[in-house]
Each structure stands twice: as C-alpha cells, then as structure tokens.
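Below are the chains, spelled out letter by letter.
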Amino acid sequence: MSTTPTATRASTAPRTPEELLGALDPDQREVAQHLSGPLCVLAGAGTGKTRAVTYRIAHGAMVGAFQPSRVLAVTFTARAASEMRSRLRDLGVAGVQARTFHAAALRQLSYFWPQVVGGALPRLAEHKAPLVAEASGRLGLGADRIALRDLAAEIEWAKVSLVTAEDYPRSAAKAGRTGAAGHDLTTVARLLSVYEEVKTARGVIDFEDVLLLTVGVLTEREDIARTVREQYRHFVVDEYQDVSPLQQRLLDLWLGGRHELCVVGDVSQTIYSFTGASPRYLTGFASAHPGAVVVRLVRDYRSTPQVVRLANDVLARAGRDRSNAAVRLEAQRPSGPPVAYLTFDDDDAEAAGVASRIGELVASGVPVREIAILYRTNAQAEAFEQALASAGIAYLVRGGERFFSRREVREAMAMLAGAARSASSGQGAGDDDDAGTTMSMPQQVRDVLASTGWSASPPEGRGAVRERWESLDALVRLADDLHRQRSADLPALVTELTERAAEQHAPAVEGVTLASLHAAKGLEWDAVFLAGVCEGLLPISFAEGAESIAEERRLLYVGVTRAREHLTLSFARSRSVGGRGTRKPSRFLDGIWPAEEGRSGTSERQRRKARAAAVQDALADADPEVYERLRQWRGALAKETGKPAYTILHDTTLVGIATMMPRTLRQLALVRGIGAAKIEAYGAAVLALVAGEEPPASSTSSSS
C-alpha cells in the first residue's frame, strides 16, 4: 500500500487550511490553492484528481473564498458525482451540488418549466428504442434490435453535436460519418425529423432534450439565466476531455462570460468521440480563458511501476501529442509483479486460462471483488462467464441488472429504513436490553438482513441463492465502511443508500467484474485481465482512419491503467477450437509483446536480443542483489547437474522473482515460469535466496 498523500481517505475532517493542504502532494496542493480564475488540471490516470478538486473546494470553503451552496461540480457519471459528495462530506463540506450535466439540467428545467411554459415537464423517455422503432416504421425502413441501437446512437450524436435534421447530411459527412444501420445520410436525416415528430405526439422528451431545452430556456430568458448564475458562482467540470458541444454550450450559459471555472481532464483517456465528445475544449482551454493556470498531475498513486511503464509505452508509440496536453505518468508505488503476456490457441482456451490464473490470485489472497476481466466487445463476455462458473468463481457482468433494481436489495432497504425509524424513536433495533448497551450500526444491519437471507458465511455453489447473498453482503460491507470512515449510524446508512439508489452508485459486489473497456472507465482493481488484445478486436475491425485508430489506442491505455498491481494481457490465435491461428497481438503492442519461441519470421539471434533487452528493461524494478544471488545459484546448479541454465529457471523468471520478492511458496507460484515441478525442485532454495539466506543443501540433489 502506498504511503503517499492519496493512499487513504481522511477519517476526520481537517481542522485548518494548513492541515488540509498538508495532506496533498505539491501538484495537488497547487490545484487546491488556486481559488480564483480559470484553472485547467491535466490529470493522468491514478494521480488523485478527485482528491485535488475536492480538497480545492474544501479549502475554498474553509478560507471563505467559496460558499458551498454556490459551487456546482459537474461529473461524467452519477457514480462519480456520488463519490465526490461523499468525499466532501468526509472533509466537512456540505451543500455543494455535485451532479452530471443531465442531472443538473433536469433539476433546473423542472424548476423553471412551469414558469416558462406552464404545467409539468413532459415525461422523460428512459429508452429511445420504441421511439426510433415507430419513426423507422413510419418511413417503411424496418429495423431489428441492433439496427435500432445504431440508429438511436446516431440520433444522440446529432443532438449532442447540435446538428439539426436539415443540416445532418452536410455535418455528418464533414465529420466522416457514413450514416447508420446501412442507411445513407439522407435517410438518417429523414429519420431524425420523424423521430422528433414521434416524441411530440407521445408527449415525451429524451435525455438530449433535457440539455437542449435547458439551453433554450437560458438563451431566451435572461431573467432565468441571471437567477442561475446568481445561484452558482464557481464551477468544476470533471472528465472535460469527453464534453460534447451541447454540454459545452450549456456550461457557457451557466458561466455567462465569467471565468470561475476549474476543468479536469486527460486527453489520453478520450474514448467517447463516437458519441460526439471532443477533447478540443480541454486542449483549447487556455485560449478560451485567457490567463488560465494549467497544472499537471503526473504522480501515479494507483499502479505499480510495471503497469505505469506499459501505460506510458502504449502512448509513446503513438508519437508526440501535438497539443502537448498528454501526461506522462510517474509511478509512486513500490515495485510489483511484471506484466504478464499470455497467448492461447482459441477463445475457450483463453477464457479457461484466465479463470485458472484468477483462481491462483484468489488463493494467494487477492479479494475476488478486486479482480476484473476487461474486453473490447460485450460479445466476448460469454466465454469468460462460462469459464468462471465452471471454476466455481463468483462474477458479475457490469452493465447487467442494476444493483438497486434487484428485489432483494429493494426489500433490504425497506427493512433497514424501518429499523432506522425504530432506532430513532428509541425502539428495537438500536437497543440491546440484555447487554445493557447500544448495538453498533454494522451489527444492527447484520441483524436486520439475517431475516432476509444474509448469513456470515456464503452459501455453497452458484445460482440465485448465492447471487442474492452477494447483494446483501455488499450492503453489509458498505455499512462496515461507513461506520469505520464516518462513524455513521443506521439513519445515515439509509440516507446513503437512498442517495446511491438515485445515482445508481452501487456498492462493490463480491465477484470478478466482467466489463467492456468503455464501461471500465473511472474504475480500478488490484488485478486486471485485458482479454482479446489482438488485431481485429483492439483495434476493432471497423475502426478506420487515423482518429479512430488513435481512440482505440487510448482505449487500451484506459484498460492498462485500471490495474493497481497485477496486469495480464492475453489473446487467442483462433476464435474457435481447431481454427486457423491467424490472429496477431495488437499493433499497439509492437515492440512490447514478447516474441514467441519458434515463430517464423524472427531469427534466433533476434529473439535472443529481444529477450536480453526485455530482461534488462525489467531489471530496473528488480532487487539487483537478489537477482545476482539467484543467477549465481542457478549457474552453480547448472554446472553441477549438467543442465543448461535456462532449463532450471529462465532469466525472465529470475527477474520476476527478484521483483516480486516472494516470501511463501504460494507467492512464488504466481511468478511467471514457476510451475508445480519448479516449486518442488527449487522452491525452498529460491525462498532462502530471496531472504538472504543460504539455500538448503538438499536443493541440488532434489533437482537431479
């Protein structure tokens, strides 16, 4: 665990500005101390950007520069907004509005609609598919589920890009778009027009309309715009590299020509260009806001040096960032295990191999909830689901049924709310008459949920019973965390759950996470498996043009930077068992992916040179004394037994051992190149050498 300022969350709010600022590194402190005027924070992955901006808000409130209720912090996801509010509460700051663009706009629109139009705001349509299907039917186009999805996505792009139906053919062609679902630009333009007619006839609005209508109100009603600007004096916008033209237009109206704005972003994590998002607002921030201060956060507190090196290398091979906005990360954590590269014969073998590796990690003590398998397309998930289920490893698919929509969660929240009311009135849940003491909140939660099917130990096997238990156990662990961090009581837990349900900010469920690379944005795990890292999947086969390929590279970068300690990249040569092995590692890993033994096109001399270079590169993170002891021991053993040295332990394996510094056989087994036979033959000797001790005398004879 890192001992840097970002390693832990504060359990008590800082009492003075000096105490608050003292918890930050120099770059974060610079962010927190800039309380007036435009500020652009170029924050690399894992550099503590949320910490920096929440401490900035807290610092501003503490010294009187900010009135919390007049600060609007805009985040990319509802989960991020919930996390920001939680951190601000931990810092003793209440009243800051932390919301997504849509949530903030919907709140304003709902409030002012009766004044502007009269009556209630039209109903918000949760899904576009039925509306798109009706519009498609009116035009005689017909569309299956996939076509409807693609058409809905194109409608969203047009609206967030401020492109009307009339202007769509020209603007879409200029943007390099070719239509959607097999339809040309003119046909899609007609669909856009009819789609709006369908919405009007049904009396509904969509999510993009929330922003468009708010923009319209603020543009046409100067009195309302003044009211909003009086309410919000200071703005923070997170993930600014993914802002769309429509969102930027709304932000400009909120600001009204002012420059009290702090934006945070990373051009290297721009992965939503296909939805209309653009990094140009981030890269052009200093030009749009003269006198803007630019601060770079480069210290990576999340990932080990091995992970950070790969992340930097992936971007470095793309060439120089002409905007000069990209951040090169500097690892702050201690050295960890080397990045693993695995090649399999087919997709099923890859899934089984990854599941086996996950089983080893879990056996070594890595919590199953701290492991993720990430992939480019959702279609890749099925093989991993089957492999994990066969291995008896719990998992959850991100993007499946929402946590707070599950029946057992709804029932548990209702029972906890009832218990909280009883506790507040002095009845039941909070009193332990036999013991004569007050029961702790976590114990109250356990008692309440025990009647719904929760138990201290999980049920055997998989299926609905286990999944129900996992949902309830996530609530128990959340209660433990809140009690430890904030000394929260039962009513506070219920309030937290209510807010999380509204924001769909689910607690961590005990299981391996399966997620697409896009869905993994903003998340992190101790161990990450990047699957299908090959041509045709990453970059995806339909990615055409330099910009699309560049975005695919950034997608890999996002995946790499999700890992804290263990990172494995894998691909399968063939899709199906017995198929032709034509797949190759992703072009983004050229010069990084280890050369395979015996593959054609590479001479033995080239392979030896590449292996030697890889060993030297990896040695930067290894203990040189341990590596040298291992090498000398291996040389003596090779001479004594007449075996080639590399057949005892390969150079890369020695480096892995000297990097991981295993203390037990179980930890040693995680080093690449160490199997059961190697453990039995050399395990005791290797552990002794790592510890700086003489290897047992029997180590030589046992290997003979």
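Above this text you will find the structure in question.
Treat the numbers as computed from the prediction; the structure is a model and nothing was measured.

1. Points about empty space enclosed by the protein
Applying the stated criterion to the full structure yields two cavities of 30 Å³ or more. The computed volume of the second largest cavity comes to approximately 30 Å³. Taken together, Q108, L109, F112, T214, V217, L218 and I224 form the lining of the second largest cavity. Residue assignment for the lining of the second largest cavity shows that the elements contributing at least two residues are α5 (101–116) and α10 (207–220). Grouping the constituent residues of the lining of the second largest cavity by class yields five nonpolar, two polar and no charged.

2. Re unusual backbone geometry
Excluding glycine, most residues fall at negative phi; most peptide bonds, likewise, are trans. In the segment running from L538 into P539, the intervening peptide bond is cis, with an omega of 10 degrees. Mapped onto the elements, P539 comes out in the loop between β17 (525–530) and α22 (546–560). Residue L162 is not a glycine yet carries a positive backbone phi of 60 degrees. By relative accessible area, L162 is classed as partly exposed at 44%.

3. Points about the sheet that holds strand β18 (residues 563–574)
Here we have six strands laid out as an open sheet, ordered β11-β18-β17-β12-β16-β13, and parallel in their pairing. Either end of the sheet is taken by a strand with one partner, and the two such strands are β11 (340–346) and β13 (395–397). Strand-to-strand twist of the sheet, defined as the mean angle between neighbouring strand axes without regard to direction, takes the value 25 degrees. Relative to β17, strand β12 (residues 371–375) runs parallel, the two being bridged by four bridges. Among the inter-strand pairings, I371 is bridged to a residue of β17, identified as A527. The strands touched by helix α15 (residues 305–316) within the sheet are β11 and β18, with β18 carrying the most contacts at an inclination of about 55 degrees. Packed on one face of the sheet, α22 meets β12, β17 and β18 and runs near 145 degrees to β17.

4. Some remarks on the pattern of salt bridges
One pass over the structure, following the stated rule, counts 39 salt bridges. The shortest N-O distance in the salt bridge between R233 and E230 comes to 2.8 Å.

The rules behind the values
- Throughout this document, residue positions are counted from 1 along each chain, in the order its sequence is written.
- Residue-level local features of this predicted model are given only where pLDDT is at least 70; pairs of side-chain atoms are given and counted only at 80 or more, and the full residue set underlies all totals for whole chains, interfaces and linings.
- The side-chain values count all of the structure's non-hydrogen atoms but skip hydrogen atoms and water molecules.
- Within this scheme a cavity is a closed region of a 1 Å grid, computed over the protein atoms alone, that accommodates a 1.4 Å probe without allowing it to escape, whereas a pocket is open but has protein on both sides within 12 Å along at least five of seven lines; lining residues each have an atom within 4 Å of a point.
- Grid points are joined across faces, edges and corners, and a volume is the space filled by probe spheres set on the points.
- A run of H or I in DSSP counts as a helix once it spans at least four residues, and a run of E counts as a strand once it spans at least two, with each numbered from the N terminus.
- Residues are grouped as follows: Ala, Val, Leu, Ile, Met, Phe, Trp, Tyr, Cys and Pro are nonpolar; Asp, Glu, Lys and Arg are charged; every other residue, Gly included, is polar.
- Each residue is placed in one exposure class: buried if its accessible area under a 1.4 Å probe, protein chains only, is under 20% of its type's maximum, exposed if it is over 50%, and partly exposed if it falls in between.
- Two strands qualify as a pair provided DSSP detects at least 2 bridges between them.
- Angles shown run from 0 to 180 degrees and are taken between the N-to-C directions of axes, each axis being a line fitted to C-alpha atoms and, for helices, limited to the stretch in contact.
- Should any heavy atoms of two residues lie within 4.5 Å, those residues are counted as being in contact.
- A carboxyl oxygen of Asp or Glu within 4 Å of a side-chain nitrogen of Lys or Arg is what we treat as a salt bridge.

Read these as geometric descriptors, not functional statements.
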